[in-house]
Amino acid sequence: MMALINKKVAFIGAGKMAEALIRGLLSSGAIPAAKIIASDTLFKRLATLKSKYKIGISDNIGAAKKADIVVLSIKPHVMQDVLLEISPFVGSKQLIISIAAGITTASIRQKIRNAPVVRVMPNNPALVNAGITAIAEGASKGNLKVAQTIFNSVGETIFVPEDLMDCVTALSGSGPAFVYLFAEALINAGLALGLNALQAEKLSIKTIFGAAKTMVCSGLKPRKLREMVTSPGGTTLAGLKTLQKAGFKRAVLEALRSAKARSIALGKLLNR
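Chains are numbered independently. Their residues run from 1 in the order of the written sequence. Where local features are concerned, this predicted model is filtered to residues with pLDDT of at least 70; where side-chain atom pairs are given and counted, the filter is 80 or more; whole-chain, interface and lining totals use all residues. By convention in this description, side-chain values take in all heavy atoms of the structure and omit both hydrogens and water.

## Focus: the side chain of Ser172
Here is the rule we go by: Secondary structure elements follow DSSP: runs of H or I of four or more residues count as helices, runs of E of two or more count as strands, with numbering from the N terminus. Each residue's exposure class comes from its accessible area (1.4 Å probe, protein chains only) as a fraction of the maximum for that residue type: buried when under 20%, exposed when over 50%, partly exposed otherwise.
Within the fold, Ser172 resides in helix α7 (residues 165-173). Classification of Ser172 by relative accessible area gives buried; the value is 17%.

This is the structure:
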C-alpha cells in the first residue's frame, strides 16, 4: 500500500467500475475516504457516492486540480472531450490512469502532454472483488506500481505490452459476457429438459462457480480437469462430442476475434 501513501485519487466518471474501485480502496485500507474525490455529469450519482462512502465530490476540473492520481473511468466516446476540459489543469507531477477501451496512451498524451499515463483494462468481476486487470507496460516502475495497487484492491493484475491491449479487451474485458451467455444457455437447456426455473438457475450458476474455483484452487490446467470429468463412454463425453461437432471452440475464437476487431476499430475512430 506504500504506493498510495499521502496520495489523493480522483475518479472522473463515477459509474459502477469507479464505485468498485472506491469500495476496494477503502476496504483494503489503501487510502482513506478523505483522499478520494469523484466527478460525474450526474449529480445524483455523486450525492449517492458521497453519502455511501464519505468521499469528496467535484466537477471534472476541480477533481483534476486536486488529485495526485486521476483515474479516467469514463466511456471511450467522451474521452477526447474530457481530456480537452481537464488538460490545462493537469501537470507533470500527476498520474493519469485510463480504463477506456481502445484509447491509447499516445492519444491521451496528445491532449495531456505533461502528465505520465498508464492504460489499464479491468473487467466486470471487479464489482465483486474478483476482477483481473491488465496494465499496459511502458510507464515507469513507480507509476505501474501505483496502478497495480489501485486495481489489486478489486482482484488481481497482470502486465502486458500495450499492443496486446485489444486482445485483452476481447478476452478478459468482453469474456465475462460470454460466460454469462453460457450460463443463460445452461439455464435455458435445464428448463427445456424439465427442471424448474429455480433449479435450473442454481444448478447452472453453481456449476460454473465451482468449475472456476476448481481451476483457480487445484493448480491443474483446464484440459486436465476436463479429462478427469470425462469417462470413456459416459455422459460428459457424449455432451462434449456434441459441442465439438457444433464448433464450440471455433465459435469462441470467432467471438474473441470479433471483439478484438471492434476494439481496434473503436481505437482508430477515437484516437485522434
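Having put the structure on the table, let's press on.
## As for the layout of surface pockets
Formally: Only protein atoms enter the 1 Å grid, on which a cavity is a set of points fitting a 1.4 Å probe that cannot get out and a pocket is an open set with protein on both sides within 12 Å along at least 5 of 7 lines, lining residues being those with an atom within 4 Å of a point. Grid points are joined across faces, edges and corners, and a volume is the space filled by probe spheres set on the points. All amino acids are sorted into three groups, where Ala, Val, Leu, Ile, Met, Phe, Trp, Tyr, Cys and Pro are nonpolar, Asp, Glu, Lys and Arg are charged, and the leftover types, Gly among them, are polar.
If you add up the space inside the second largest pocket, you get close to 800 Å³. Taken together, 31 residues make up the lining of the second largest pocket; nearest its centre are Met17, Ile74, Lys75, Pro76 and Ile99. Of all the elements in the fold, those that place two or more residues in the lining of the second largest pocket are α1 (16-28), α7, α8 (175-192) and α12 (248-270). Per-element accounting of the lining of the second largest pocket gives the leading share, 4 residues, to α12. Classifying every residue of the lining of the second largest pocket gives 17 nonpolar, 9 polar and 5 charged.

## Brief notes about the side chain of Gln148
This is how it is decided: For the purposes of these results, a polar contact is taken to be a pair of N or O atoms within 3.5 Å, where, inside protein, one atom must be able to donate a hydrogen and its partner to accept one; residues adjacent in sequence count only when each atom of the pair is a side-chain atom. The contact definition used throughout considers only heavy atoms, calling two residues in contact when any of these lie within 4.5 Å.
Residue placement: Gln148 occurs in helix α6 (residues 141-152). Since its relative accessible area comes to 19%, Gln148 is described here as buried. A distance of 3.3 Å separates polar atoms of two side chains, one belonging to Gln148 and the other to Thr157. With sequence-adjacent residues up to four places away left out, Gln148 is seen in contact with Ile135, Thr157 and Phe159.

## Some thoughts on the pairing of strand β1 (residues 9-12)
For a regular strand, the rule is simple: side chains alternate between the two faces of the sheet. The condition is simple: Strand pairing is assigned whenever DSSP identifies at least 2 bridges connecting the two strands. Handedness of a crossover is defined as follows: orient the strands so they point away from the viewer, and if the path from the first strand over the helix to the second runs clockwise, the crossover is right-handed.
Side chains Val9 and Phe11 project from β1 onto one buried face, and the interleaved Ala10 and Ile12 project onto a second face that is buried too. Where β1 and strand β2 (residues 36-39) come together, 4 bridges link them in parallel fashion. Bridge pairing in β2 links Ala10 to Ile37. Following the chain from β1 across α1 to the adjacent parallel β2, one finds a crossover that is right-handed. Where β1 lies against strand β4 (residues 69-72), 4 bridges are found, and the strand directions are parallel. Across the sheet, residue Phe11 finds its bridge partner in β4, namely Val71.

## Describing the sheet that holds strand β7 (residues 131-136)
This is how it is decided: The angle between two axes is taken between their N-to-C directions and runs from 0 to 180 degrees, where each axis is a line fitted to C-alpha atoms and a helix contributes only its stretch in contact.
Strand order in the open sheet made by the 8 strands is β3-β2-β1-β4-β5-β6-β7-β8, with mixed pairing throughout. Of all the strands in the sheet, just β3 (56-58) and β8 (155-160) have a single pairing partner and so form its edges. Across the sheet, the mean angle separating the axes of adjacent strands is 25 degrees when strand polarity is ignored. Across 4 bridges, the pairing between β4 and strand β5 (residues 95-98) is parallel. Along β5, the bridge assignment pairs Leu72 with Ser98. Helix α2 (residues 43-53) contacts β2 and β3 of the sheet and is inclined by roughly 165 degrees relative to β3. Across the face of the sheet, helix α4 (residues 79-86) comes into contact with β1, β4 and β5 while running at roughly 155 degrees to β4.

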